[in-house]
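Residue-level structural notes
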Protein chains: 2
Amino acid sequence: MAITYREAGVDIDAGEELVRRIGPLARATRIPEVLADVGGFAGLCRLPGGMQEPVLVSGTDGVGTKLEVAFATGVHDTIGIDLVAMCVNDVVTTGARPLFFLDYFAAGRLEVDVAEAVIRGIARGCKDAGCALLGGETAELPGMYEPGKYDLAGFAVGVVERASILDGSRVREGDVLVGVASSGLHSNGYSLARRVLIDVMKLDYASHLAEFGCTLGEALLRPTRIYARAVEALSAKLGDRLHALAHITGGGLVDNVPRVVPSGLAPRLELASYERPRLFDLIASGGPVEEAELRRTFNLGVGLVVAVPREAAGEALDALAAAGESAWLLGDVVASTSGETLFT
Amino acid sequence: MAITYREAGVDIDAGEELVRRIGPLARATRIPEVLADVGGFAGLCRLPGGMQEPVLVSGTDGVGTKLEVAFATGVHDTIGIDLVAMCVNDVVTTGARPLFFLDYFAAGRLEVDVAEAVIRGIARGCKDAGCALLGGETAELPGMYEPGKYDLAGFAVGVVERASILDGSRVREGDVLVGVASSGLHSNGYSLARRVLIDVMKLDYASHLAEFGCTLGEALLRPTRIYARAVEALSAKLGDRLHALAHITGGGLVDNVPRVVPSGLAPRLELASYERPRLFDLIASGGPVEEAELRRTFNLGVGLVVAVPREAAGEALDALAAAGESAWLLGDVVASTSGETLFT
């Protein structure tokens, strides 16, 4: 009997059915700059009009083993928001406006309903970030992934005027550092979090945690906040008084804030300036996980750090509040030879 | 005893060691438009100077289960060329010049030597395509991948003048279709190829195949050709007489050529115009795999199809030969109501 591609594990019809379902989701994210439909060899997007010296800004990321929480709970329609957030939040730290996004979805066997739910989340994230879902690749790789598992990668492109690029060079001694609240773990540290909460503490994703008012699965799956609109608001209000933005991902406040502070200076953060979300305390005590390891692995409740001159702090807080963010004075920029984040 | 991120399966030091090794590889791909080093929150790239109405063109892809051949043979330094090729060849079909590339590499445990070899291949592909390796993500996802396995996704961005976009609308009845040779299977159909060659025919990757002058593993791993330089040469020589380009990937000549032919017309291909590489015959007879399935799954020796007016065919062949490609008259464009590829 003849052998077919389907028999070898690749279902072209399922792939085509998924493409049909994705079409309307992607079209709903269209921005005026988009030229072509999803489905050609490549996606096309104009630049916004009236730019003097446009610079493209691009970032790629995945969502790490937060995926395992989606697999275990069967909730697949928000992990795509995380994927967009992880990429777009990196892009906007340069001051860029996100333009478009592409996704890569890979599974051993293509389950159309699951893939559609994932991409629905991606489309929702794109709308939230104001960027178009311009294309994507769905790969069916028999034998590469366990049944029910998949991996995701995302790519975002934005654009910024060259003169407006934020690279930390505007940061001065005495600048204040505004913390913007994260929504939870975002998409970092899940291997450690699951090791503690599931393996060591023997908690269950379905178990209701009174202190969180939801199940553990819900707390862990909460989508990463997308800061694109907040950054747009900050930029509109502060202009060049917006000195720097740091997206707090793997490496935490320890590694990410110094990336936007010039040499000779360092970020000084007052951890008592806010109430650390209890999920991090639960992980710390449940492991136990030492404080230094915790700070290097998790965002500890801070998703974005904003550097502004002290006299602009009030305006920054106002702009963030108006954009729906919780923000507070987290610290300041001080002279330092090591450049390492100081915690007080 | 306290639990650490490393103990939970994520080795930050290995990740940092990899970043150190990747740095010089990425820097070697720099083009003048690149503004920042790999390692910031995002990669920055200017547009080429002097463009009137630049349009960004973007594509994403993986390399499918060609990865399994890399795993089985332990050869990891060319699969990255495939990754770049799959993305960049899509981008250049629009007439765009590739600008930059980003990669996503995910494994259960980060093996620095393997990851470095993969990324060395990616950097080589980027140099061949004339684009910069602008960034990437290396994800260590404990439990997601079997030991020794990894997945790859790539993302390419190019730029084209709006007036020069190739979308098939220039294609006319009577245009000739020039075939450009592939280097082998490129990166499509490996699940079917491995099913036939390994599972059914019981061949071994290490077995020397006299008719190929190499091992089966070498024949299957041969990197996908990157057509960026060839398309640049065609474009320079033909100008707007370059009517369309089709990258032959999954779906083969059956699905991909009609994508650039306007309605009312169809591609007519003469399969006797070239000698089909014997690897495809081996798969066809070894399965057996029916001819229709073969045509829908593999490139059958044709990696790119170029549509030009008949009087420009000689110039197109000359330009391709000068760019180092093997090319020939594969067919033409005829009136058709169905639009489906006709094989003669």
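Keep in mind it's a predicted model, so treat the numbers as computed, not measured.

What counts, and at which threshold
Residues numbered from 1 in each chain as written. Chains lettered and ligands numbered in written order. Predicted model: local features only at pLDDT ≥ 70, side-chain atom pairs only at ≥ 80, totals over all residues. Heavy atoms only, no water. Least-squares fit on C-alpha atoms with pLDDT ≥ 70 in both. Contact = heavy atoms within 4.5 Å. Domains from an automatic or database assignment. Salt bridge = Lys/Arg side-chain N within 4 Å of Asp/Glu carboxyl O. Polar contact = N/O pair within 3.5 Å; in protein donor to acceptor, adjacent residues only side chain to side chain. Helix = DSSP H or I, 4+ residues; strand = E, 2+ residues; numbered from the N terminus. Buried < 20%, exposed > 50% of the residue type's maximum accessible area, 1.4 Å probe, protein only. Buried area = accessible area lost by both parts, 1.4 Å probe. Nonpolar A, V, L, I, M, F, W, Y, C, P; charged D, E, K, R; others polar. Pairing = 2+ DSSP bridges.

**Things to note about the relation of the copies chain A and chain B**
Superposing chain A onto chain B takes a rotation of 180° combined with a translation of 0.0 Å along the rotation axis, leaving an RMSD of 0.0 Å. Expressed as an axis order, the relation between the two copies is that of a two-fold axis. Of the residues that chain A buries at the interface, 100% are likewise interface residues in chain B, meaning the two copies contact each other through the same surface.

**Quick word on the domain arrangement of chain A**
When the parts of a complex come together, some accessible area is lost, and that lost area is often taken as the interface size. Residue and element names in this part refer to chain A. By domain assignment, chain A separates into domain 1 (12–38 + 50–164) and domain 2 (176–343). When each unit is reduced to the centre of its C-alpha atoms, the spacing between domain 1 and domain 2 is 24 Å. Each side of the interface is counted separately: domain 1 has 26 residues, and domain 2 has 23 residues. The tally of links from domain 1 across to domain 2 stands at zero salt bridges. Between domain 1 and domain 2 we count 13 residue pairs in polar contact (both at pLDDT 80 or more) in total. Contributing elements (two or more residues each) for the side of domain 1 that touches domain 2: helix 2 (66–73), helix 3 (79–92) and helix 4 (112–129). With nine residues, the single largest contributor to the side of domain 1 that touches domain 2 is helix 3.

**Topic: the pattern of salt bridges**
Residues and elements named next belong to chain A. Across all of its chains, the model carries 36 salt bridges over all chains by this definition. Put simply, glutamate 325 and arginine 225 hold a salt bridge, and the shortest N to O gap is 2.7 Å. Placement of the pair is glutamate 325 in the loop between helix 11 (313–322) and strand 12 (327–335) and arginine 225 in the loop between helix 6 (216–221) and helix 7 (228–238), with a sequence separation of 100 residues. Look at arginine 225 and you get partly exposed, because its relative accessible area is 30%. Connected via shared salt-bridge partners are Glu17, Arg20, Arg21, Asp113 and Glu116.

**Digging into the interface of chain A and chain B**
Counting from both sides, the interface comprises 85 residues of chain A and, opposite them, 86 residues of chain B. Regarding the contact of chain A and chain B, the summed buried area is about 6,300 Å², with carbon and sulfur atoms giving 64% of it. Of all residues in chain A, Ile3(A), Phe41(A) and Met144(A) bury the most surface against chain B, accounting for 14% of the area lost on that side. At the surface where chain A touches chain B, the tally comes to two salt bridges. Taking the shortest distance from any N to any O, the salt bridge between Glu7(A) and Arg195(B) comes out at 3.1 Å. One can count 18 residue pairs in polar contact (both at pLDDT 80 or more) joining chain A with chain B. When residues of the side of chain A that touches chain B are assigned to their parent elements, the largest contribution, eight residues, is made by strand 2 (residues 54–61) of chain A. Residue composition of the side of chain A that touches chain B, grouped by class: 44 nonpolar, 20 polar and 21 charged. In terms of strand pairing, strand 1 (residues 43–46) of chain A meets strand 2 (residues 54–61) of chain B through four bridges, oriented antiparallel.

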